[in-house]
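Commentary on secondary and tertiary structure
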Amino acid sequence: MSRHDKPLLSHGRVSRRTMLKGSLASALTLPALAPTLAGAAQTEDKDNIDLARQWPFYGEQGQAGITTPPQRHIMFMTFDMTTPTASALQVLLARWSAAIAQLVQGAAVGTVEPLRTGSVGSDTGEAVGLDPAALTVTIGLGPTMFTDNYGLAEKRPPHLRPLATLPSDNLQPELTGGDLSLQACADDPQVAYHAIRVLARIAKSIGAAQTRWTVMGFGRASAGKGQETPRNLFGFKDGTRNLVDAAEFDKHVWVKQGPAWQHDGSYQVVRKIKMNIENWDTDRVSDQNNVFGRHKLSGAPLSGTHEFDTPDFHKKNADGELTIPATAHIRLAAHENNQGVRILRRSYNYTDGLNQYGQLDAGLLFISYQNDPAHFEQLQRKLGATDALNEYISHMGSALFFVPPAAKEGSYIGAELFS
């Protein structure tokens, strides 16, 4: 198990404010007041939120925010470098690392209200009084960082390059690419937002980088170990068969080959996927079940009874038809049907309000980690070509980043690149 799977503070002394926040969150989300749905399994909510929890930034293995149990909220942002010098990149990564180490402890980054009249505060202040809320901030480096401009061409991770053109791509340039990425996840949305806001200010203040595109997500759409499987905005459980164990992470997520500085790094794939929610809502639930290959309420595969039953892709009904249709999402994505390929999902729901037609503008911020982005491409080629879900989704944004291993105490992310 990675050191980042062990919180600095968990279930220790909890402040009255934290206790009240937890009670309020429970009151808002507790399903007990809702009528019991026929056939619904009565399960205990395993997502116990401790706003005092802290995850360490420094470590000896992978960065926090990858195999860390997914928090409730995300703020994701990509950046373009504004100066093509290695020293600017080095300073930015060092400044970001030092700031993140403060943020994950619930501390301000510098002063909020300077004593000197007319001075500008270093920290914007909107997280003052808030708990750490299990904040993690994960830094990624895009393919454009490993060029002769920055003197890093020889250190390019072997699989880092632009993603291939994939079926169902409808990519918008303003939502695609980026030199750097920041993924801030927390159990308090304001904590995640504050972290990205402060780090973006640092990038701008030193003239190193500017924002390219960003998504603020809510309601995690992937489960970690011991977590209740969440639902996407189509109402289906998402990530039932996600990777959860250290052995699986070592096999499918962490880089274990090549130069030592890349070990325990990973490749981050990010896709902004628009959902045609209002069209979906008019479809028969039986058809929705066939699209996913699962029952909407229980999450069980159509070939089984319970959510975690292993799908039987050979089972047929009385008419001789496949119980899980050939175009069902879970059939096409299953590792049994893809030479054992698996990826770690760390996705979130998002909403952008209404579109120009007055319809709901929302979808999935899909994030996956794998030790080779070709694994994602293999899955998406199959899904993009024949998945019945394609009628209701559109891939609008896309980017690929290499996430270096965690910084050691006293150092910073990517320090080995400059030695």
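Refer to the structure above for everything that follows.
Residues numbered from 1 in each chain as written. Predicted model: local features only at pLDDT ≥ 70, side-chain atom pairs only at ≥ 80, totals over all residues. Heavy atoms only, no water.

1. Side note on the overall build of the chain
- A tally of regular secondary structure across the chain gives eight helices and nine strands.
- Looking at the chain alone, contacts between residues at least 24 apart form 78% of all its contacts between residues at least 6 apart.
- Counting every atom, the chain has about 19200 Å² of accessible surface; 53% of that belongs to carbon and sulfur. (Helix = DSSP H or I, 4+ residues; strand = E, 2+ residues; numbered from the N terminus. Contact = heavy atoms within 4.5 Å. Areas by Shrake-Rupley, 256 points an atom, 1.4 Å probe, with all protein chains shown as cover.)

2. Quick word on the pairing of strand 7 (residues 348-354)
- Strand direction decides the pairing type here: strand 4 (residues 209-220) and strand 7, joined by three bridges, are antiparallel. Across the sheet, residue Gly217 finds its bridge partner in strand 7, namely Tyr350.
- The pairing of strand 7 with strand 8 (residues 360-370) spans five bridges and is classified as antiparallel. In the strand pairing of strand 8, Asn349 is matched with Leu364.
- From the end of strand 7 to the start of strand 8, which pair antiparallel, there are five residues, and Gly358 there has a positive phi angle of about 80°. (Pairing = 2+ DSSP bridges.)

3. Notes on the packing of aromatic side chains
- Scanning the entire structure with this criterion turns up 12 aromatic pairs.
- Taking the centre distance of 5.8 Å and the plane angle of 55° together, the rings of Phe76 and Trp213 count as tilted. Linking Phe76 in strand 1 (residues 73-81) with Trp213 in strand 4, this pair joins segments that are 137 residues apart in sequence.
- A relative accessible area of 2% places Trp213 in the buried class. (Phe/Tyr/Trp six-rings, centres within 6.5 Å; stacked < 30°, edge-to-face > 60°. Buried < 20%, exposed > 50% of the residue type's maximum accessible area, 1.4 Å probe, protein only.)

4. Describing the environment of Arg231
- When you line up the elements, Arg231 lands in the loop between strand 4 and helix 4 (246-252).
- With 68 residues separating them along the chain, Arg231 and Gly299 place their C-alpha atoms 9.5 Å apart.
- A distance of 2.7 Å separates a polar side-chain atom of Arg231 from the backbone oxygen of Leu297. (Polar contact = N/O pair within 3.5 Å; in protein donor to acceptor, adjacent residues only side chain to side chain.)

5. Describing the pattern of salt bridges
- By the definition in use, this model includes 12 salt bridges.
- Note that Asp80 is salt-bridged to Arg212, the shortest N-O span being 3.0 Å. Taken together, the residues span a long stretch of sequence, with Asp80 in strand 1 and Arg212 in strand 4 at a distance of 132 residues.
- Assessed through its relative accessible area of 18%, Asp80 is described here as buried.
- Salt bridges linked by common partners bring Asp250, Lys256 and Asp264 together as one network. (Salt bridge = Lys/Arg side-chain N within 4 Å of Asp/Glu carboxyl O.)

6. Re the side chain of Ser303
- In this fold, Ser303 is placed in the loop between helix 6 (285-292) and helix 7 (329-333).
- For Ser303, a relative accessible area of 11% corresponds to the buried category.
- Of note is the side chain of Ser303, whose polar atom sits 2.9 Å from the backbone nitrogen of Asp312.
- Excluding residues that lie within four positions of it along the chain, Ser303 makes contacts with Thr310, Pro311, Asp312, Lys315, Thr323 and Ile324.

7. What to know about helix 3 (residues 189-205)
- The terminal C-alpha atoms of helix 3, which comprises 17 residues, lie 24 Å apart, in line with the 24 Å expected from a rise of 1.5 Å per residue.
- Regarding helix 3, the residues found buried are Val191, Ala192, His194, Ala195, Ile196, Val198, Leu199, Ala200, Ile202 and Ala203.
- Among the structural elements, strand 1, helix 2 (86-103), strand 2 (136-141), strand 3 (180-186) and strand 4 are those in contact with the buried residues of helix 3.
- Residue Gly207 follows helix 3 closely and has a positive phi angle near 70°. (Expected span 1.5 Å × (residues − 1).)

8. With respect to the nonpolar core
- Formed by 75 residues in total, the largest nonpolar core has its most connected members in Met81, Trp96, Leu135, Leu180, Leu199 and Phe234.
- The contacts of Leu180, once residues within four sequence positions are left out, are Met77, Thr78, Phe79, Met81, Leu89, Leu92, Trp96, Gly140, Leu141, Met145 and Phe401.
- Leu175, Cys185, Leu243 and Phe249 belong to the second largest nonpolar core, which has 22 residues in total. (Core = buried A, V, L, I, M, F, W, Y, C linked by side-chain atoms within 4.5 Å.)

9. What to know about the environment of Asp250
- In this structure, Asp250 sits in helix 4.
- For Asp250, a relative accessible area of 39% corresponds to the partly exposed category.
- Separated by 120 residues in the primary sequence, Asp250 and Gln370 have C-alpha atoms spaced 9.9 Å apart.
- Setting aside residues up to four positions removed in sequence, Asp250 forms contacts with Lys256 and Asn371.

10. Quick look at the pairing of strand 1
- In terms of residue burial, strand 1 counts as a mostly covered element, since nine of its nine residues are buried.
- The two faces of strand 1 match: His73, Met75, Met77, Phe79 and Met81 on one face and Ile74, Phe76, Thr78 and Asp80 on the other face are all buried.
- In terms of strand pairing, strand 1 meets strand 3 through seven bridges, oriented antiparallel. Across the sheet, the residue bridging to Met75 is Ala184, located in strand 3.
- As paired strands, strand 1 and strand 4 are joined by nine bridges and run antiparallel to one another. Directly across from Met77, in strand 4, lies its bridge partner Thr214.

11. Examining the environment of Tyr348
- Position of Tyr348 relative to the elements: it lies in strand 7.
- A relative accessible area of 0% means that Tyr348 is categorised as buried.
- Separated by 131 residues in the primary sequence, Tyr348 and Gly217 have C-alpha atoms spaced 5.4 Å apart.
- At 2.9 Å, the side chain of Tyr348 forms a polar contact with the backbone oxygen of Gln71.

12. With respect to unusual backbone geometry
- Despite not being glycine, Ala134 shows a phi value in the positive range, around 60°.
- As for its position among the elements, Ala134 is in the loop between helix 2 and strand 2.
- Relative accessible area serves as the criterion here: at 1%, Ala134 is assigned to the buried category.
- Although it is not a glycine, Gln339 sits at a positive phi angle of roughly 55°.
- Counting through the fold element by element, Gln339 comes out in the loop between helix 7 and strand 6 (344-345).
- Residue Gln339 is classed as exposed on the basis of its relative accessible area, which comes to 69%.

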